[in-house]
Amino acid sequence: MRQTSPVIKQRRAAKYSLGGLIRRGFSKESWPRVWREPEFGSHYDVVIIGGGVHGLATAYYLAANHGITNVAVLEKGYLGSGGSGRNTAIVRSNYLTPEGVAFYDRSLTLYNSMARDLNLNVMFSERGHLTLAHTDSALRTMHWRAEVNKLQGINSSVIDPAEVKRLTPSLDVSENVRYPILGALYHPPGGTIRHDAVVWGYARAADAYGVDLHQKTEVLDVLCTGGDGPEGKGPGGRVVGVRTSRGDISAPLVVNCTAGWASTIASMAGVRLPITTHPLQAAVTEPVKVFLPTVVVSGSLHVYVSQTDRGELVFGASVDPMATYQMGGTLEFTEELASHVLELMPGIGRMRLLRQWAGLCDMTPDYSPVMGPTPVEGFHVDVGWGTYGFKAGPVSGEQMAACVANGRVPELIAPFGLERFSRGDLVGEKGAAAVGH
Amino acid sequence: MLLVPCPVCGPKNAAELTYRGETHSRPDPNQATPEEWRSYLYLRDNPAGWLREGWFCSSGCRTFFTLERNTTTGELREPLLPGNKVAGRPISDGTEP
Ligand SMILES: Cc1cc2nc3c(=O)[nH]c(=O)nc-3n(C[C@H](O)[C@H](O)[C@H](O)COP(=O)(O)OP(=O)(O)OC[C@H]3O[C@@H](n4cnc5c(N)ncnc54)[C@H](O)[C@@H]3O)c2cc1C
Ligand SMILES: [Zn+2]
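Computed from a predicted structure; not experimentally measured. (Residues numbered from 1 in each chain as written. Chains lettered and ligands numbered in written order. Predicted model: local features only at pLDDT ≥ 70, side-chain atom pairs only at ≥ 80, totals over all residues. Heavy atoms only, no water.)

**As for helix 10 (residues 393-406) of chain A**
Residues and elements named next belong to chain A. With 14 residues, helix 10 should cover 20 Å at 1.5 Å per step; its first-to-last C-alpha distance of 20 Å lies within 8% of that length. Among the 14 residues that make up helix 10, 13 are buried, leaving the element largely enclosed by the rest of the structure. G407 sits one or two residues past helix 10 and shows a positive phi near 65°. (Helix = DSSP H or I, 4+ residues; strand = E, 2+ residues; numbered from the N terminus. Expected span 1.5 Å × (residues − 1). Buried < 20%, exposed > 50% of the residue type's maximum accessible area, 1.4 Å probe, protein only.)

Encoded structure:
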């Protein structure tokens, strides 16, 4: 593939700094546009479908690490309109399988230096992450996870109810409740990051390298040749471009980063995925004084909660059972959420919910992603992000960029290939990812 | 709220039923290759549009039944399986409503 030049001069983007803030505050000079509205091109070296954190990070690392800048990101709505702007912003690396732990840990490393790398405050709050155990079997899984984590150098351990109470006083650790807290998996490096800032940071940095970000551009078809199926699609063929609502683009490499919509794009190339799309709902309360210092997750109660810097409690749950592309909220969710969260924190009974929303999650059978090449040459996927893909954005972008640029699957994502399903070689993360975030 | 028409109990809130997901005919386990069997197990069409799916009236009459639902609009229609009857009504003629 043509590589534009090994070292790309980054186009000057306004540098964000305290000095700049003060100067602009006094001079009333306005801030420059954060990214261009580029001309629609008819050929790109790489086309990325989906303007969420995964698509934008892939574009950024293609430019920054591999010097490939003739890249387009195609987004049918606005950047971050999918899961990337709807998630509850929790990051952690205390997964269950060695493959998962190594992968998510790399993402945390990239998150740690992101504010500097992208010159944007992503508000990383490394506040500690507690996964509560209410049953013996849950406690056993926590011990299992802690041991896998420790072996790989991850700060993760099982703590007793007294320690839980010390870390998070608002939790009810008494024994005479329906789901007593028997202990927790404690992961100090886990926390939250401002999800919008991550999207904007990658978008701004990719744009500065010359990547074209096309919003309101819907992909209607993936153009293929030589495949077994109709119109040259399907296994054995190769991708030649995409048809969009604004015209055709030719491209030898297309990356599907559409999360909840992944199956619709894959079917345009004649590829079937092990994915079903389910909504995940979340809700936020009115702001109150900060009292909840950690992220708290309860698998048995299907709920998790954290408090934002502004003081709102952010709640999430498990995905709705029915597959759908509709993003409406349900009363069942609110009822269940309220009763379960009060079980954990009886003290917040009089707080009011401010709003509730949903996003689409691309669920896989083993709660691990699907990454890398497909049976259609040049058509790559970075999908299957379920309810846990925000934290994986940076590492996925970095590894998918390497995969696309070098034409080789990097070691870190080799376990997550699509072919694992025909081999029957799944990477079971359910014990660490269902309601886990 | 989605009202799901159980063939025995009539319309019920979807939350009262168990969702069984996309239905496909099962390959013969004695004939299928491991790859065919695993695609049956794992791969899904997951369409944005009409989907044929299974439901179980788990907290009611405990009937298993099949429906077609549009996953972008929420509309429901009777399945087009040959000879199938939902709540005693004949199946529709297969044209898109
Ligand atoms: C309520 C909720 C809470 C969550 N909480 C967490 C959490 O705490 N931690 C965590 O790690 N993960 C969490 N997740 C999961 C996480 O949000 C997603 O896995 C992640 O955002 C996926 O990012 P993405 O870039 O792959 O996809 P998205 O951000 O969904 O982007 C996909 C984009 O593709 C676009 N698109 C779709 N079809 C087309 C088309 N035909 N043409 C052009 N563009 C198209 C969409 O408009 C969308 O913008 C949560 C998800 C939800 C819904
Ligand atoms: Zn019934």
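**What about the coordination of the zinc ion (ligand 2)?**
Residue and element names in this part refer to chain B. Taken together, C6 (SG), C9 (SG), C57 (SG) and C61 (SG) make up the full set of protein donors to the zinc ion (ligand 2), lying 2.3 Å away. Geometry at the zinc ion (ligand 2) is tetrahedral, judged from the 4 donor atoms that bind it and their angles of 98 to 115° at the metal. Coordination of the zinc ion (ligand 2) draws on donor residues from a single chain, spaced C-x2-C-x47-C-x3-C in sequence. Of this pair, C9 sits in the loop between strand 1 (3-6) and strand 2 (10-13) while C61 sits in the loop between strand 4 (50-56) and strand 5 (64-70), placing them 52 residues apart in sequence. (Donors = N, O, S within 2.8 Å, 3.2 Å for Na, K, Ca; no water. Tetrahedral: all angles 85-135°; square planar, octahedral: opposite > 155°, others 65-115°.)

**Considerations on the packing of aromatic side chains**
Considering all chains together, one arrives at 14 aromatic pairs over all chains under this definition. Geometrically, the ring pair formed by B:F56 and B:F64 is stacked, given 4.2 Å between the ring centres and 10° between the ring planes. For B:F56, a relative accessible area of 12% translates into the label buried. In textbook terms, an aromatic cluster arises when at least three aromatic residues are bridged by ring pairs, as seen for A:Y95, A:F103, A:Y104, A:W385 and A:F416. The ring of A:Y95 carries the charged tip of A:R92 above its face, separated from the ring centre by 4.3 Å. The aromatic ring of A:Y16 is capped on one face by A:R204, whose charged end is 3.8 Å from the ring centroid. (Phe/Tyr/Trp six-rings, centres within 6.5 Å; stacked < 30°, edge-to-face > 60°. Lys NZ or Arg CZ within 6 Å of the ring centre and 35° of its normal.)

**What about the pairing of strand 13 (residues 276-285) of chain A?**
Residue and element names in this part refer to chain A. Judged by how many residues are buried, strand 13 sits mostly within the fold: 10 of 10 residues are covered. As judged from the 10 bridges shared by strand 13 and strand 17 (residues 353-363), these two strands associate in the antiparallel manner. Directly across from Q281, in strand 17, lies its bridge partner A358. When strand 13 meets strand 16 (residues 313-316), the two strands line up antiparallel, connected through 3 bridges. Residue pairing across strands places A282 opposite G316, the latter belonging to strand 16. (Pairing = 2+ DSSP bridges.)

**Focus on the nonpolar core**
Residue and element names in this part refer to chain A. Formed by 69 residues in total, the largest nonpolar core has its most connected members in V46, I48, L62, F103, V198 and Y202. When residues of this core are sorted by domain, at least three fall in each of domain 1 (38-121 + 195-274 + 366-433) and domain 2 (127-188 + 276-363). Core analysis: the second largest hydrophobic core is formed by 29 residues, A72, C224, I249 and V254 among them. (Core = buried A, V, L, I, M, F, W, Y, C linked by side-chain atoms within 4.5 Å. Domains from an automatic or database assignment.)

**Here's the deal with the sheet that holds strand 6 (residues 76-77) of chain B**
Residue and element names in this part refer to chain B. Across the sheet, 4 strands lie side by side as 3-4-5-6; this open sheet has antiparallel pairing. The sheet terminates laterally at strand 3 (18-22) and strand 6, the two strands that pair on one side only. Note: strand 5 against strand 6, 2 bridges, orientation antiparallel. Within strand 6, the residue paired with R69 across the bridge is L76.

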